[in-house]
Amino acid sequence: MAPGNGSFVTAFILVGLTDQLDLQVPLFFLFLLMYMVTLIGNLSLIILIGINSHLHTPMYFFLFNLSFTDLCYSSVFTPKMLIDFLSKENIISYMGCMTQFYFFCFFVVSECYVLTSMAYDRYVAICKPLLYNAAMSPKVCSSLMLASYLMAFSGAMAHTGCMLRLTFCDANTINHYFCDIHPLLQLSCTSTYVTELVVFIMACINIIVPSLTIFVSYGLILSSILHIKSMEGRSRAFSTCSSHIIAVSLFFGSGAFVYLKSSSSGSMDEGKISSVFYTNVVPMMNPLVYSLRNKDVKSALRKTLRRRKY
């Protein structure tokens, strides 16, 4: 497939996380370890939820989708990143770059809405327990996930469509370890005003709206928890929500820092460091946070391991 209209660049050079040669091998092993933990952790959660019928509840249905999204999301750029650590020429084709960019947008927006659905699930479970079965029926859960993926599809199409309209002339060195929005905008030799406007509007929709929904949900949850007289009940409710709050804060905090600013402001190196949090750290941390702090998951894991012994 040929490059987009008016684009003269057929390939890009990725600068990577750092250009210091002595750090390339240590970083390769560090990110390889992180990627292995991400793959094993998320695949384990997917299999565990799939084979244990008592985990077939709305909460774990959303967690299943979160693990699937994290697994795909980290696989969009981490294998290429690992190869580039050991390569002298970190080249990615124009269409390879646009494909990577599309799937990056798709899975990052999916994660925003999966996390929002999880917050809504916890809100109904704690604040409206008598309505939980009706409010979180299989049909409602499936509809929420379908809406999440439709929002991701429309967001990815909007971003990629705008990027394909830009012209890239001579400059083809991307100051990043993957094809991200702001580094690509800096290379365009035509006006990026419309694209930056679309990026900002989509960031507002896909970062601010979900994060506000999540924090309003948790504000109502906190208010409800404080009215629980039993200390055991309060402790259980806090334990259920705390892992989700940690994951949400890391993901939305680092994402907002990178995308809610213009492509020319700040240091691109700061952007790369922040990107590591939501592209590598969050997908790795999610299965650890949700499994190590979750009695149901730990119990299911013990039962599964015992079954395999016999």
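About the cut-offs
Residues numbered from 1 in each chain as written. Predicted model: local features only at pLDDT ≥ 70, side-chain atom pairs only at ≥ 80, totals over all residues. Heavy atoms only, no water. UniProt positions renumbered as here; feature names shortened; annotations may be inferred. Salt bridge = Lys/Arg side-chain N within 4 Å of Asp/Glu carboxyl O. Helix = DSSP H or I, 4+ residues; strand = E, 2+ residues; numbered from the N terminus. Buried < 20%, exposed > 50% of the residue type's maximum accessible area, 1.4 Å probe, protein only. Expected span 1.5 Å × (residues − 1). Contact = heavy atoms within 4.5 Å. Phe/Tyr/Trp six-rings, centres within 6.5 Å; stacked < 30°, edge-to-face > 60°. Patch = residues over 30% accessible without salt bridge, like charges linked within 9 Å, V, L, I, M, F, W, Y side chains within 5 Å. Areas by Shrake-Rupley, 256 points an atom, 1.4 Å probe, with all protein chains shown as cover.

The name an unreviewed UniProt entry assigns to the protein chain is Olfactory receptor, from the organism Muntiacus reevesi. Within the UniProt record for the protein chain, the comment given under Sequence similarities (unreviewed entry) is "Belongs to the G-protein coupled receptor 1 family."

Peer 1: Outline the pattern of salt bridges, supporting the account with residue identities and numerical values.
Peer 2: If the charged atoms of two oppositely charged side chains come close together, the side chains can form a pair. All told, the structure shown has two salt bridges when counted by the stated rule. Between lysine 80 and aspartate 84 there is a salt bridge; the shortest N-O distance is 3.2 Å. One end of the pair is lysine 80 and the other is aspartate 84, both in helix α2 (residues 58-85) and four residues apart, which spans about a single turn. Close ionic contact of aspartate 121 with arginine 122 constitutes a salt bridge, the shortest N to O distance being 2.9 Å. Overall, aspartate 121 belongs to the buried group, its relative accessible area being 1%. By relative accessible area, which is 11% here, arginine 122 ends up buried.

Peer 1: A description of helix α5 (residues 138-165) should follow, citing residues and the corresponding values.
Peer 2: Between its first and last C-alpha atoms α5 spans 41 Å; for 28 residues at 1.5 Å apiece the expected length is 40 Å, and the two agree. Among the residues making up α5, those that are buried are Cys141, Met145, Ser148, Ala152, Gly155, Ala156, His159, Thr160, Cys162 and Met163. Turning to α5, the residues buried within the fold contact α2, α3 (94-127), α6 (181-187) and α7 (193-226).

Peer 1: Can you break down the packing of aromatic side chains residue by residue, with the values?
Peer 2: If you walk through the whole model with that rule in mind, you get 19 aromatic pairs. With a centroid separation of 5.2 Å and 90 degrees between ring planes, the pair formed by phenylalanine 106 and phenylalanine 107 is classed as edge-to-face. Among the aromatic residues, ring-to-ring pairing joins Tyr73, Phe77, Phe104, Tyr177, Phe178 and Tyr278 into one connected group.

Peer 1: Any chance you could break down a nonpolar patch on the surface for me, citing the residues and the numbers?
Peer 2: On the surface, Met151, Tyr193, Val194, Leu197, Ile201 and Ile205 cluster together to form a nonpolar patch covering roughly 550 Å² of accessible area. If one sorts the elements of the nonpolar patch by residue count, α7 sits on top with five residues. Within the secondary structure, leucine 197 sits in helix α7. Given a relative accessible area of 40%, leucine 197 falls into the partly exposed group.

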